[in-house]
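Fold and geometry: a report
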Amino acid sequence: MAKDWLEGIEDEYDVVVIGSGLGGLTGANTLAKMGHRVLLLEHHYQLGGLATWFKRPGRHIFDISLHGFPHGMIKSCRKYWSKDIANRIVQLKSVRFINPQFDVETTFDRDDFTKIFVEKFGVERERVEAFYEHLAQMNYYDRDDRTAKEMFEEFFPGRNDVHRLLMEPISYANGSTWDDPAITYGIVFSNFMSKGVFIYQGGTDQLISQMTEILEGNGVTLRKNCLVEQVHVEDGKITGVTIKPRTGETRTVKCRAVLSNANIKNTIFELAGKENFTPEFINEAQAVRLNTSSCQVYIGIKRGESIPFIGDLVFTSEAQDFSSDELTSFKTSSRTFSVYYPETRPHVEDDRYAIVASLNARWDDWKDLSDEDYEAAKTRLCEEALDGLEKYIPDIRSKVDHLEAATPRTVKSYVRHFGGASFGTKFEGLKVSMALPDQLPGLYHAGSVGIIMSGWLGTINYGVIVANKVDSFLRS
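We now turn to the structure provided with this report. Just so you know, these numbers come straight off a predicted model, no measurement behind them. (Residues numbered from 1 in each chain as written. Predicted model: local features only at pLDDT ≥ 70, side-chain atom pairs only at ≥ 80, totals over all residues. Heavy atoms only, no water.)

Another aspect to go through is the overall build of the chain. Along its length, the chain carries 18 helices and 18 strands. In terms of overall dimensions, the chain is globule-like: its C-alpha atoms have a radius of gyration of 22 Å, near the 23 Å expected for 476 residues. In terms of overall dimensions, the chain has C-alpha extents of about 65 × 55 × 50 Å along its principal axes. Within the chain, the fraction of its 476 residues that count as buried is 58%. (Helix = DSSP H or I, 4+ residues; strand = E, 2+ residues; numbered from the N terminus. Rg over C-alpha atoms; globule rule 2.2 N^0.38 Å. Buried < 20%, exposed > 50% of the residue type's maximum accessible area, 1.4 Å probe, protein only.)

Under the counting rule described, the total for this entry stands at 28 aromatic pairs. Ring centres 5.3 Å apart and planes at 35° place the aromatic pair Phe-54 and Phe-62 in the tilted group. The same class applies to Phe-54 and to Phe-62, which are both buried. Lying across the ring of Trp-5, Lys-3 places its NZ or CZ 4.9 Å from the centre. Against the face of Phe-330 rests Arg-380, its NZ or CZ located 4.9 Å from the ring centre. (Phe/Tyr/Trp six-rings, centres within 6.5 Å; stacked < 30°, edge-to-face > 60°. Lys NZ or Arg CZ within 6 Å of the ring centre and 35° of its normal.)

A separate point is the nonpolar core. In this structure, Phe-131, Leu-166, Tyr-185 and Phe-189 are the most contacted members of the largest nonpolar core, which totals 124 residues. At 9 residues, the largest contribution of residues to this core is made by helix 18 (residues 455–475). Those residues in contact with Tyr-185 that sit more than four places away from it in its chain are Phe-131, Leu-135, Ala-148, Met-151, Phe-152, Leu-166, Met-167 and Ile-170. By size, the runner-up hydrophobic cluster in this structure holds 28 residues, among which are Ala-361, Leu-381, Ala-385 and Ile-393. (Core = buried A, V, L, I, M, F, W, Y, C linked by side-chain atoms within 4.5 Å. Contact = heavy atoms within 4.5 Å.)

To continue, consider the packing of helix 1 (residues 22–33) against helix 9 (residues 203–217). Put simply, helix 1 and helix 9 touch, their axes get as near as 10 Å, and they point 25° apart. Classified by the angle between their axes, helix 1 and helix 9 sit roughly parallel to one another. At the point where helix 1 passes helix 9, the crossing takes the left-handed sense. Between helix 1, through Leu-22, Leu-25, Ala-28 and Asn-29, and helix 9, the contact on the second element is made entirely by Ile-208, Met-211, Ile-214 and Leu-215. (Axes fitted to C-alpha atoms, helices over the stretch in contact; angles between N-to-C directions. Parallel < 35°, antiparallel > 145°, perpendicular 65-115°, else oblique. Left-handed = near helix turned anticlockwise from the far one by under 90°.)

A separate point is the pairing of strand 1 (residues 12–18). In summary, the side chains of a regular strand alternate between the two faces of the sheet. Strand 1 sits mainly inside the fold: 6 of its 7 residues count as buried. Two elements, strand 1 and strand 12 (residues 251–260), share 6 bridges in a ladder whose sense is parallel. Within strand 12, the residue paired with Val-16 across the bridge is Val-258. Two strands pair when backbone bridges link them, and strand 1 and strand 2 (residues 38–41) are joined in this way by 4 bridges, in the parallel orientation. In the strand pairing of strand 2, Val-17 is matched with Leu-40. This β-α-β element, strand 1 to helix 1 to strand 2, shows right-handed connectivity. (Pairing = 2+ DSSP bridges. Right-handed = clockwise from strand over helix to strand, strands pointing away.)

Below, the discussion takes up helix 5 (residues 125–136). Given 3.6 residues to a turn, an α-helix orients residues that are three or four positions apart in the same direction. If you check helix 5, its first and last C-alpha atoms are 17 Å apart, about what 12 residues at 1.5 Å a residue would give, namely 16 Å. Along its buried surface, helix 5 packs onto helix 4 (110–119), helix 6 (148–155), helix 7 (160–174) and helix 8 (182–192). (Expected span 1.5 Å × (residues − 1).)

On to the pattern of salt bridges. In a structure, side chains of opposite charge can pair up when their charged atoms sit close to one another. Considering all chains together, one arrives at 29 salt bridges under this definition. The shortest N-O distance in the salt bridge between Glu-404 and Arg-56 comes to 2.7 Å. Of the two residues, Glu-404 is situated in strand 17 (residues 400–406) and Arg-56 in strand 3 (residues 53–56); the sequence distance between them amounts to 348 residues. Judged by its relative accessible area of 29%, Arg-56 falls in the partly exposed class. Asp-395 is the salt-bridge partner of Lys-399, the closest N and O atoms lying 3.7 Å from each other. On the basis of relative accessible area, Lys-399 is assigned to the buried category, the value being 10%. Members of the salt-bridge network, linked through shared partners, are Glu-383, Asp-387, Glu-390 and Arg-397. (Salt bridge = Lys/Arg side-chain N within 4 Å of Asp/Glu carboxyl O.)

As a further point, take the pairing of strand 12. With 4 bridges connecting them, strand 11 (residues 237–245) and strand 12 associate as antiparallel partners. Bridged to Thr-242 within strand 12 is Thr-252. In terms of strand pairing, strand 12 meets strand 18 (residues 443–445) through 3 bridges, oriented parallel. Bridged to Ser-260 within strand 18 is His-445.

Ordered in space as 7-6-14-15-16-13-17, the 7 strands form an open sheet in which the pairing is mixed. Each edge of the open sheet is held by one strand with a lone partner, namely strand 7 (102–106) and strand 17. Neighbour-to-neighbour, the strand axes of the sheet open up by a mean angle of 15°, direction not taken into account. Taken together, the 4 bridges between strand 14 (residues 313–316) and strand 15 (residues 335–340) define a ladder with antiparallel strand orientation. Residue pairing in the sheet places Thr-316 in a bridge with Arg-335 of strand 15. Seen against the sheet, helix 7 touches strand 6 (95–99), strand 7, strand 14, strand 15 and strand 16 (354–361) and runs at an angle of roughly 125° to strand 6. Of the strands in this sheet, strand 13 (293–301), strand 16 and strand 17 are in contact with helix 16 (residues 408–415), which crosses strand 13 at around 95°.

Before going further, it helps to spend a moment on the side chain of Thr-344. Along the chain, the position of Thr-344 falls in the loop between strand 15 and strand 16. Beyond its immediate sequence surroundings of up to four residues, Thr-344 is in contact with Leu-66, Ile-199, Tyr-200, Gln-201, Gly-202 and Gly-203.

On to unusual backbone geometry. Positive phi, normally seen in glycine, also occurs at Arg-59, with a value near 60°. Structurally, Arg-59 can be placed in the loop between strand 3 and strand 4 (60–63). Despite not being glycine, Phe-108 shows a phi value in the positive range, around 60°. Take Phe-108: its relative accessible area is 3%, and that puts it in the buried class.

Orientation of helix 5 relative to helix 6, taken along the N-to-C sense of each, is 145°, at an axis distance of 10 Å. In terms of crossing hand, the pair formed by helix 5 and helix 6 is right-handed. On helix 6, the residues that touch Arg-127, Ala-130, Phe-131, His-134 and Leu-135 of helix 5 are Met-151, Phe-152, Glu-154 and Phe-155. Across the contact of helix 5 with helix 6, the residue classes break down as 6 nonpolar, 1 polar and 2 charged. (Nonpolar A, V, L, I, M, F, W, Y, C, P; charged D, E, K, R; others polar.)

Take it as geometry only, folks, not as evidence of what the structure does.
Below you can see the structure in the form of C-alpha cells.
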C-alpha cells in the first residue's frame with residue numbers, strides 16, 4: 001500500500017509554511033517558538049530548497065550550495081537556530097580569482113582585500129577605504145538610482161580589472177549584474193567583506209538534519225513529498241491550502257496565515273491567484289523581473305583518491321574582460337569551482353573529495369532545447385569543467401568516477417521557480433514581497449527577492465523578519 005505522506009496531520013493550523021528553503025525553515029522555527037501551530041510542506045523528497053544535497057553511487061555526497069556565506073551567518077544561526085550549528089561555521093582558507101586580467105588569492109576579508117587592491121592593483125588606500133565606507137552607509141530607503149557599474153566608475157574610473165574583482169564573486173553569490181541598482185551590490189558585498197567567506201563544516205545533510213530535529217522539538221509538523229496546489233481565499237482572507245501528496249489523497253487544511261517560501265511570482269500567480277489582488281498590484285507583480293539561473297557540474301572523486309589543495313573557491317574565466325553578459329551566456333568560459341576537501345565532512349570515515357563547478361545561466365537559453373540538444377549541452381558542460389580543472393589538477397580525469405550536470409531546467413524541476421531562477425527576482429521584487437499582506441491579509445512571502453537575495457544569510461534573516469509580521473497578524 002502506498003505511503004500517505006499526510007498521515008497524522010491536523011485539520012487546522014495557525015500557519016502553513018510552503019517550501020523548505022532556509023527562509024521557510026527559519027520562519028517556521030521562529031513561529032513555533034512563538035507558540036503557534038505550524039505545518040511546513042515541501043514538494044521535494046528532501047528539505048532545504050537550494051540549500052540541500054544529494055547522494056550518488058560510490059558513496060558520493062554533493063552539496064547544492066554550501067560554499068560560502070558571510071560571517072553574519074554565525075550570529076544568525078546562534079540566535080535563530082542553535083549554538084551547535086553556529087559553532088560549526090568555519091572560514092574558508094583560500095578564495096582564488098584566475099583570469100586573463102589577474103591571478104589573485106585571498107582570504108576575502110577586509111584587511112587582505114585592501115592589501116591586494118593597494119599592492120597588486122595600485123589603488124590608493126584612501127580610495128579603497130572610501131569605497132568601503134560608502135557601501136557601509138547604503139540604505140534600502142535612500143533614493144539612489146545608480147547602477148553598480150556607475151558606482152564602480154565613480155570610485156575606480158576606467159579600471160575594468162578592479163570592477164571585475166569586485167563584481168565577479170557577488171554575481172556568483174546572488175546573480176547581480178553591474179546594470180542592477182548599486183544597493184543590491186553594496187549590501188551583499190559589505191556582508192562578505194567583513195571577515196571573509198564561511199562554510200558549514202559537516203555538510204548540508206548534517207545541517208538540515210540538525211534543523212529538522214530542532215523544528216520537530218519546537219512542535220513544527222513537517223511533511224515532504226507534499227505539493228501545495230492552492231491557497232484558499234474567502235472574503236479577502238486566507239482560509240487554508242489544498243495539498244497534493246506524492247502518494248495518498250489530496251487534502252485541504254485550514255489556517256489563518258500562509259508563509260510562502262516559493263518564488264514571489266509562483267506565490268501570486270499560481271498559489272493565490274491574481275483574482276485576489278488589485279489590478280494595479282498585479283501589473284506591478286508582472287513587471288518584476290526574474291533573476292538569472294545557474295548550471296552546475298558535480299564531480300565525484302574516487303574513493304581512496306585525493307587531490308591537491310587548489311583553493312576552496314576558485315573563480316576562473318578565459319574572457320579577456322569582465323562582462324555580465326559573458327558571465328551568463330550559453331557558452332560562457334567563466335565558472336567557479338567549489339572544492340570540498342575531507343574536512344568539509346570530518347565525521348565521514350573515509351577522506352572524500354568532491355568538486356562542484358558553478359556557472360551563471362539564463363533560462364531562455366535552455367528552456368526550448370530538444371532532448372538531443374539538451375543532453376549534448378550537458379555533456380559539453382561536463383567536458384569543459386574537466387578541461388578547466390586540468391589546468392590545476394592535470395590528472396583529474398583519472399581520479400573522477402562520477403560526473404553529472406544540472407541546468408536551469410533542473411532548478412525549475414526541483415524548486416518550481418518561474419524561469420528556473422536560482423536567485424529569485426531583481427530588486428523590484430522586494431517591494432512586491434513586502435506588500436503582499438497589504439493586498440491579501442494573512443499571506444506572507446519569505447523568498448529570494450531584491451537585496452534579500454544574498455544567499456543563506458539574507459534568506460535566514462528574511463525568514464525571521466516575515467515570521468515576526470505573521471506573529472503580529474495572528475495575535476491581532
